[in-house]
Amino acid sequence: MEHLLVSTSSDASYRSSTPCEFHCHLNRAWPITPPQDAGDGDLFRCIVDHGRNPFSIVWQGSPEYPDLSNFPALDRVEVFPLPLSPALAAIWRNSALLDYGSYASIRASEHSRFPILKLAHPDTQSLELIEHEFNILTDLQSLGLPVPEIDTQPIVDGGRICGYRMKALSKLKQYELHHRQHDIQRVLLRLHSAGFCNGDVTPSNIMKDGNDRIILIDFGFAGRVGSAVPPFIPNWVYASGIFEAEGDLKAFKRFIR
Ligand SMILES: Nc1ncnc2c1ncn2[C@@H]1O[C@H](COP(=O)(O)OP(=O)(O)OP(=O)(O)O)[C@@H](O)[C@H]1O
Ligand SMILES: [Mg+2]
């Protein structure tokens, strides 16, 4: 498995390789979650996408992902299919892995208006975060702020929000981050003036739309400035336990330096 570092996001250092573009090779297996402690000393697990189906794999040793090139016939790795509801299985079948983070994966589909999906990983914290993110994005979208244009109908599974659909955006090149730093700062200040903070300002969470407008993404750690941070947001994000905007500006200044 090649090792191309694709993420500059603070908590995504585990991500060792880029998954794929929309036409990614169906026979190849890709991790879609970080390696997690499987609870027994040196046992680790993660979820893998193979042929647009999810599998849980468990291995022993170090947290580094095992070689997946012969998936599912792997040496000293246990492989378990992950059952999905028929509706979620259809969503997986009709989309391809684009990227993934600590709490969600991003998939690309051929949906005409909202081709990009963000799907929570199947654990309680990830589901809480995606529901929170969907609600915040709904508020921010209605305020006309530069955030992803989302489908107002979330993806629901078993009565619970597990994801949402949005319009496609483009990554900024390194030079654009510098070249457009004033636009980025303006967008952050607009968000703050509206009374919200993002909580995860990194280069990979700044994108642009088809009209070249700067768009902030990834609102799982976002909230209303001054209100209490819910327990599902990791407590290292806001040391005070209260949503505040200063962290966004500090993070922005750090990577723009
Ligand atoms: N609307 C979109 N169009 C195209 N690509 C997107 C879109 N939204 C997200 N992405 C891609 O997916 C990546 C991960 O998205 P996002 O940050 O929302 O997920 P995440 O799971 O919270 O990731 P992380 O934990 O690494 O921050 C983005 O950095 C971007 O490259
Ligand atoms: Mg992100």
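Residues numbered from 1 in each chain as written. Chains lettered and ligands numbered in written order. Predicted model: local features only at pLDDT ≥ 70, side-chain atom pairs only at ≥ 80, totals over all residues. Heavy atoms only, no water.

Caption draft 1: Seen up close, the sheet that holds strand E10 (residues 160–166). The five strands lie next to each other as E6-E7-E8-E10-E9, forming an open sheet whose pairing is antiparallel. At either end of the open sheet lies a strand with only one pairing partner, and these are strand E6 (95–100) and strand E9 (155–157). Going across the sheet, the axis of each strand differs from the next one's by a mean of 30 degrees, ignoring polarity. Pairing of E6 with strand E7 (residues 104–109) involves five bridges; the strand directions are antiparallel. In the strand pairing of E7, Ala-96 is matched with Ala-108. (Pairing = 2+ DSSP bridges. Helix = DSSP H or I, 4+ residues; strand = E, 2+ residues; numbered from the N terminus. Axes fitted to C-alpha atoms, helices over the stretch in contact; angles between N-to-C directions.)

Caption draft 2: Geometry of the sheet that holds strand E13 (residues 206–208). The three strands are arranged E11-E13-E14 in an open sheet whose pairing can be described as antiparallel. Every interior strand has two partners, whereas the edge strands, strand E11 (170–171) and strand E14 (214–216), have only one. As paired elements, E11 and E13 share two bridges and run antiparallel to each other. When the bridges of E13 are listed, Lys-171 appears paired with Met-207.

Caption draft 3: Seen up close, the site of ligand 1. Surrounding ligand 1, one finds 21 residues, the nearest of these being Lys-118, Lys-167, Leu-169, Ser-204 and Asp-218. Measuring from an oxygen atom of ligand 1, one finds a backbone N or O atom of Gly-101 at 3.5 Å. In this structure, an oxygen atom belonging to ligand 1 sits 3.4 Å away from a main-chain N or O atom of Ser-102. Its free accessible area being 620 Å², ligand 1 has 94% of it covered by the protein chains. Within the residue set of the shell around ligand 1, elements represented by two or more residues are E7 and strand E8 (116–120). Two domains share the shell around ligand 1, each providing at least three of its residues, namely domain 1 (1–85) and domain 2 (170–256). (Near = heavy atom within 4 Å. Polar contact = N/O pair within 3.5 Å; in protein donor to acceptor, adjacent residues only side chain to side chain. Areas by Shrake-Rupley, 256 points an atom, 1.4 Å probe, with all protein chains shown as cover. Domains from an automatic or database assignment.)

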